[in-house]
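An overview of the molecular structure
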Amino acid sequence: MDRRPDLQGQGRFKRRKMEDTDSRYSAESDDDGGVKVGNFAQPTEVKPKKEDLDARPSRHTEGIDQLVEKTSKKKRKKEEDAEEASDPYIARQHEEPLPKKKELDPRANPYLAHRYEEPAEDEGSYNGYSNGYGRPTNRMNGVSNASSLARFPRHKSTAAMAKNAEDGPNNPFSGQPLSSQYFSILKTRRNLPVHQQRDEFLQMYQKSQFLVFVGETGSGKTTQIPQFVLFDDQPQIQRKLVACTQPRRVAAMSVAQRVANEMDVTLGDEVGYNIRFEDVTSQKTILKYMTDGMLLREAMNDNNLNRYSTIILDEAHERTLATDTLMGLLKEVAQRRPDLKIVIMSATLDAQKFQSYFNDAPLLAVPGRTHPVEIFYTPEPERDYVEASLRTVLQIHASEPEGDILLFLTGEEEIEDACRKIRLEADEMIREADAGPLTVYPLYGTLPPNQQQKIFDPAPPPSKKGGRPGRKCIVSTNIAETSLTIDGIVYVVDPGFSKQKIYNPRIRVESLLVSPISKASAQQRAGRAGRTRPGKCFRLYTEGAFKKELIETTHPEVLRSNLSSTVLDLKKLGIDDLVHFDLMDPPAPETLMRALEELNYLACLDDEGNLTALGKLASEFPLDPTLAVMLISSPEFYCSNEVLSLTALLSVPQVFVRPASARKRADEMKSLFAHPDGDHLTMLNVYHAFKGPEAQANPKQWCHDHFVSLRALQSADNVRQQLKRIMETHEIELVSAPFEDKNYYTNIRRALVAGFFMQVAMKEGNSKTYVTVKDNQNVILHPSTVLQTESDWLLYNEFVLTTKNYIRTVTTVKPEWLMDIAPTYYNITEFGKGPVKSALQRTIDKVRRKEATKGRKR
DNA sequence: CATCCACGA
């Protein structure tokens, strides 16, 4: 462990100039109806000035105009102590004698629950999903009957030729007669802005391997460009496909459906999509929409992406980890495969950066089709952005013409709180000032889907005939910035903050921080007001702050994340020389070093930084390396069935639900499942109970009654099946100790150590604080833990840095396990003097004494 | 006493 991959000399941050962009919002006069919203300066034209982009993640926390202290949270009413509830699910500690199996109430018996029948594999939901990525495409020469297309010269076609083929009478790809619906869609398609530049696009596409395509919202790029490519690239001739990647699953699915309609084919035939758990493609497929993560997975088993003739990366400006990794990979693949064409599609802001990254690729820009949005700034900085946003929303409701409101806040609690206050104030306005009705909806990712759907309900009608019109106000996290589009929004209120992930490689912690947004984000938010008609955006900061304080674009994820998973991916993608791998924004060398170090400790990389057998195996799993290593090691601990369930549970959203209205009952229900050794085993108890006959009789009711999330558990089931299949493919044994075995739970806790030995904290003296081993961070238990006893050593799943340093989802472990299972990491000579070292030394001494006693007895 | 932005495999 003394040799580490040498990372010296690669710590340069790339700096690239940002050019002026053309994306600005037109400013219109402020006199519609003579209504002026007080407290706002005149609308101003937005034109970002030239600025360098510093590639380093911002670690500062100061606000936009000034550091805004959040209003102190209302102290919650102390809830009365819950009555001692009887505990049918509590797992017994094995020190106690076990009751005989027959005496157990089946409902109370987690053992019976854990031996649930493995459900028959539902092929339907997987649609032939297979692990064999890059399987040969045995497609027949699909379009022999499409005469109009057969004459197409590959990579020499024109818009006129395409138009001719599109005009029918038969479908150029399937040969079938075209429907009347097709021709009606075709008419609207030809009105899209991109259509005007079809020839220009084709010429650039034909002459260059890389092409950067810039199109604003409403240009039609996501649906049309892949079709333009299809006519010219003719992937079916070579039995290849055109891929178009999306950062999000819903987008991949819905766009594929739309394009299938446009091309008058059945979804899954010529046009399909591929997301995790769902492969809706067939031998016929020539255009495939997919998530960027999915294409990355495929690339791991097909390093040259040989299945594809053209790859289109859509929404590249969002700079997800997968997009960035793919871009770096495609730069290399392009050299090995001169026949592969690559189109990068992005919003305007980053165009030049993409161009220069892809060897000065040609750029084509197409205007969007949106309505103008007036921007208002506050003349003075706001001290409290939550208070200011409430005031602004109410002011809009009081004095602006009809139209819905979208307010951006940072998190669930803030949003729910704001919704309550707006409702209260609005009711008063209706009573006292005859204001129109106002419906307020919260919106955030963890909200159940049926409640998320409510935001699409129409605004309320006037309360009486001829009364003032009603409107709706949506209070949302960043989810409404990109993932969800709500039509009918006319007013956007933007306080200028969002929660962002930050990674600190020094202490290996990812944390969420309320931070100022970027100019790009602010523009995106404002744009949400102009989807259906001209709108207004109220920014709760000064114009000066916008110009001077906000960074141009949000730092890409690759600069804000722990990269161990990405580094493992890159190794599997055949990138040997990470140091010279050309990422668009190279991460801090310390981050890369940390990732390599972690993977080395996990034995996924050897001391030379090469992928080990374990590393190869770990990369087969769609999991973080820690979880993958834990899962792969679990048969050694005779509990791979259980660890498989646990891994699935740790990969899905929180299983426990705790609605504000029923916190006490939710906590009571949770305590029914509590295991004295911690949260991991508690989650396992929930899962086993969920798979038991009582819960399966009516899962929805059972989950509701027990305050657990049906969605999360079903999703865990899904993940479990996928992981199980991968285990079977690679012949990783599925084994369990009998539940009566006194080591049943100990085995699982020891297996946890095999992956999470780097995430362990030790108790500090008699206080409630813990200190993480090696990184020496002071941490406390997250309030959600079920742990009652104060254990000296805890293994944690997550380090959550919010108001305090929390460790969340914890399990008690023993120091002798740590040294036994992870001897390299717990090599005592590598610890500096301190409480951890002394504690480890005491453990060694204790073990030695025991051995000695044993020896004498013999 | 007190509890996580959004995605993805």
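Model, not experiment: these values are computed from the prediction.

Turning our attention to the overall build of chain A. Per the secondary structure count, chain A includes 29 helices and 23 strands. Considering chain A as a whole, with its 858 residues, one finds that 55% of them fall into the buried category. Only carbon and sulfur atoms are counted for the fraction: they give 49% of the accessible area of chain A, which is about 38400 Å².

As a further point, take the side chain of glutamate 642. In this structure, glutamate 642 sits in helix α21 (residues 640–650). Since its relative accessible area comes to 1%, glutamate 642 is described here as buried. Side-chain polar atoms of glutamate 642 contact the side chain of serine 736, separated by 2.9 Å. A polar contact of 3.1 Å, which involves the side chain of glutamate 642, links it to the side chain of tyrosine 744.

Attention now goes to unusual backbone geometry. Phi at histidine 155 is positive, roughly 60°, even though this residue is not glycine. Assessed through its relative accessible area of 18%, histidine 155 is described here as buried. If you check the backbone angles, glutamine 234 has positive phi at about 50° while not being a glycine. Within the secondary structure layout, glutamine 234 lies in the loop between α7 (221–233) and β4 (241–246).

Turning next to the UniProt feature "domain: Helicase ATP-binding" (unreviewed entry) in chain A. Residues given the UniProt feature "domain: Helicase ATP-binding" (unreviewed entry) here are residues 202–367. Secondary structure across residues 202–367 divides into 40% helix and 25% strand, with the first and last C-alpha atoms of the span separated by 17 Å.

For the rest of this paragraph, the subject is the protein's contact with DNA strand B. Lining the immediate surroundings of DNA strand B are 35 residues, of which Gly445, Lys499, Arg658, Glu798 and Arg808 lie closest. Backbone atoms, meaning sugar plus phosphate, form 56% of the atoms of DNA strand B positioned within 4 Å of the protein. Backbone polar atom of leucine 623 to a base nitrogen of DNA strand B: 3.4 Å apart, as the coordinates give it. A distance of 2.5 Å is found between a base oxygen of DNA strand B and a side-chain nitrogen or oxygen belonging to arginine 658. Mapped onto the surface near DNA strand B, the elements with two or more residues apiece are α9 (292–301), β16 (497–504), β22 (793–801) and β23 (805–812). Top contributing element to the surface near DNA strand B by residue count: α9, with three residues.

What follows concerns helix α20 (residues 625–633). Counted residue by residue, α20 has nine buried out of nine residues, so it is predominantly covered. Taken residue by residue, α20 has Pro625, Thr626, Leu627, Ala628, Val629, Met630, Leu631, Ile632 and Ser633 as its buried positions. Those residues of α20 that are buried are in contact with α17 (564–572), α18 (589–601), α19 (613–619), α21, α26 (710–729) and α27 (744–756).

What follows is about the packing of α20 against α21. Following both chains from N to C, one finds α20 and α21 inclined at 165°, their axes separated by 9 Å at the closest point. If you check the angle between α20 and α21, you find them roughly antiparallel. The handedness of the crossing between α20 and α21 comes out as left-handed. Between α20, through Leu627, Met630 and Leu631, and α21, the contact on the second element is made entirely by Val643, Leu644, Thr647 and Leu650. Here the residues of the contact of α20 with α21 sort into six nonpolar, one polar and no charged.

Here we take up the UniProt feature "domain: Helicase C-terminal" (unreviewed entry) in chain A. Following the UniProt record, one finds the feature "domain: Helicase C-terminal" (unreviewed entry) at residues 389–574. Here residues 389–574 is 33% helix and 24% strand, with 50 Å between the C-alpha atoms at its ends.

Attention now moves to the environment of asparagine 827. Here asparagine 827 lies in the loop between α28 (815–821) and α29 (835–857). Remark: the alpha-carbon pair of asparagine 827 and serine 208, spanning 619 residues in sequence, is separated by 55 Å.

Here is what the cut-offs are and how they apply
Residues numbered from 1 in each chain as written. Chains lettered and ligands numbered in written order. Predicted model: local features only at pLDDT ≥ 70, side-chain atom pairs only at ≥ 80, totals over all residues. Heavy atoms only, no water. Helix = DSSP H or I, 4+ residues; strand = E, 2+ residues; numbered from the N terminus. Buried < 20%, exposed > 50% of the residue type's maximum accessible area, 1.4 Å probe, protein only. Areas by Shrake-Rupley, 256 points an atom, 1.4 Å probe, with all protein chains shown as cover. Polar contact = N/O pair within 3.5 Å; in protein donor to acceptor, adjacent residues only side chain to side chain. UniProt positions renumbered as here; feature names shortened; annotations may be inferred. Near = heavy atom within 4 Å. Contact = heavy atoms within 4.5 Å. Axes fitted to C-alpha atoms, helices over the stretch in contact; angles between N-to-C directions. Parallel < 35°, antiparallel > 145°, perpendicular 65-115°, else oblique. Left-handed = near helix turned anticlockwise from the far one by under 90°. Nonpolar A, V, L, I, M, F, W, Y, C, P; charged D, E, K, R; others polar.

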